[in-house]
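Coordinates in review
Chain residues, written in single-letter form:
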Amino acid sequence: MEQQQLAGISRWFDDYTRTFLDTDPEGVVNMRLKIEHTRKVCAVSDILATGERLSASEARIAGAIALLHDVGRFPQYRRWRTFRDSRSDNHARLSVEVLREHHLLDGLDPAERLLIEEAVRFHNLLELPQRVSSPTRLFMKLIRDADKLDIWRVFLELFTLPEERRASAATLDLPDLPGCTPACRDAFLAHQVVRLDLCRVLNDFKLLQISWALDLGFASSYRLLLERDYIARLAGTINGKLDIGAAIEYIRQEAARRAENFQTQ
């Protein structure tokens, strides 16, 4: 991918997302949240590309994927007024649909177009599909990590706000109550990634986010996670006492180990 091609995709993104800002004030807040998230994911993608020594062309492909991974969020919210896929449609599938509808990638090399579409389509899966091989797997792992690393920022900023000032769709309509769902706590204590379909309250979603620290793909990602202190900061937002300190410490130590000695797969 050439720099002018990435620049063209960036201009398209700005023009496309601008069309979704002609809505009510609540909708504008939710749309701007996703626009800012996308730009921050692009910045994280650049950091990871440098840390993992990608070529300039590979870094530009990763940048395009970062720009496009969530474009389906905009028609999703316009139609269903939610960012919760289970109550609307798979936003990753919608993103690919948008790319094809606008013929955005038609001018790219077919192999690069396939890389971008597959990375976008699968970025939100709980686990990467086994049938996908390198180099597609590399780009899938990059966008999954960059996405998580900025989602942590998004929610830490949201959690500092009073509930009435938070972007309404961001917390997936989960009530901010003390305690958590036993199935989510059990998975967390077993050092497993918490499943979104098990989340019933906001604390469950916080456990899910902390558990993501066990599911990054690169040493660079773990270094950035630790540099930004996301694990402790997210743990500090939990409502009430859940008695999960030992599991949080395990995750912190495991993240530190992987930051120093992590072999990509």
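Throughout what follows, the structure given in this document is the object of discussion. A quick note: this is a predicted structure, and the numbers were derived from the prediction, not measured.

Glancing now at the packing of aromatic side chains. In this structure the tally under the stated criterion is 9 aromatic pairs. Here Trp12 and Tyr16 contribute two aromatic rings whose centre-to-centre distance is 4.8 Å and whose plane-to-plane angle is 10 degrees, an arrangement assigned as stacked. Separated by 4 residues within a single helix, Trp12 and Tyr16 lie in helix H1 (residues 3-18), roughly one turn from each other. One exposure class covers both Trp12 and Tyr16, and it is buried. Aromatic pair Tyr77 and Phe83: ring centres 5.4 Å apart, planes at 45 degrees, arrangement tilted. For the pair shown, Tyr77 and Phe83 are each scored as buried. Among the aromatic residues, ring-to-ring pairing joins Trp12, Phe13, Tyr16, Phe20 and Phe74 into one connected group. The ring of Phe218 has Lys141 lying over it, and the distance from NZ or CZ to the ring centre is 5.0 Å.

Right, let's talk about the layout of surface pockets for a bit. Of the voids in this model, the largest pocket is the one considered here, and its volume is about 900 Å³. Arg73, His91, Asn124, Leu196 and Trp212 are, among the 33 residues lining the largest pocket, the residues nearest its centre. For the lining of the largest pocket, the secondary structure elements donating two or more residues are helix H2 (25-51), helix H7 (136-159) and helix H9 (202-211). Of all the elements, H7 adds the most residues to the lining of the largest pocket, at 6 residues. Within the lining of the largest pocket, the residues separate by chemical class into 16 nonpolar, 6 polar and 11 charged.

This brings us to the state of the cysteines. Applying the stated criterion across every chain yields a total of 0 disulfides. Cys180 takes part in no disulfide bond, and the closest cysteine sulfur to it belongs to Cys184, at a distance of 6.9 Å.

On to unusual backbone geometry, then. A positive phi is found at Arg53, a non-glycine position, where the angle reads about 60 degrees. As for its placement among the helices and strands, Arg53 is situated in the loop between H2 and helix H3 (56-68). Given a relative accessible area of 78%, Arg53 falls into the exposed group. Even without being a glycine, Asp243 presents a positive backbone phi close to 55 degrees. Position of Asp243 relative to the elements: it lies in the loop between helix H11 (230-235) and helix H12 (245-260). Overall, Asp243 belongs to the exposed group, its relative accessible area being 57%.

It is worth spelling out the nonpolar core at this point. Membership of the largest hydrophobic core comes to 86 residues, with the highest contact counts inside it found for Leu68, Ile116, Phe188 and Leu225. Among the elements that take part in this core, H7 stands out by supplying 13 residues, more than any other. Once you skip the residues sitting within four places of it in the chain, Phe188 turns out to touch Val194, Leu207, Ile210, Ser211, Ile244, Ala247, Ile248 and Ile251.

This structure, assessed with the given rule, holds 19 salt bridges. Between Arg252 and Glu249 there is a salt bridge whose closest N-O contact spans 2.7 Å. Of the two residues, Arg252 and Glu249 are both situated in helix H12; the distance of 3 residues between them amounts to about one turn of the helix. Taking relative accessible area as the criterion, Arg252 reaches 38% and is therefore assigned partly exposed. Residue class for Glu249 comes out partly exposed when judged on its relative accessible area of 32%. What you see here is one network of salt bridges that share partners, running through Glu36, Asp150, Arg153 and Glu157.

About the thresholds
- Residues numbered from 1 in each chain as written.
- Predicted model: local features only at pLDDT ≥ 70, side-chain atom pairs only at ≥ 80, totals over all residues.
- Heavy atoms only, no water.
- Phe/Tyr/Trp six-rings, centres within 6.5 Å; stacked < 30°, edge-to-face > 60°.
- Helix = DSSP H or I, 4+ residues; strand = E, 2+ residues; numbered from the N terminus.
- Buried < 20%, exposed > 50% of the residue type's maximum accessible area, 1.4 Å probe, protein only.
- Lys NZ or Arg CZ within 6 Å of the ring centre and 35° of its normal.
- 1 Å grid on protein atoms, 1.4 Å probe; cavity = no way out; pocket = protein on both sides within 12 Å on 5 of 7 lines; lining within 4 Å.
- Points joined across faces, edges and corners; volume = space filled by probe spheres on them.
- Nonpolar A, V, L, I, M, F, W, Y, C, P; charged D, E, K, R; others polar.
- Disulfide = S-S within 2.5 Å.
- Core = buried A, V, L, I, M, F, W, Y, C linked by side-chain atoms within 4.5 Å.
- Contact = heavy atoms within 4.5 Å.
- Salt bridge = Lys/Arg side-chain N within 4 Å of Asp/Glu carboxyl O.

These values are about where atoms sit, not about what they do.
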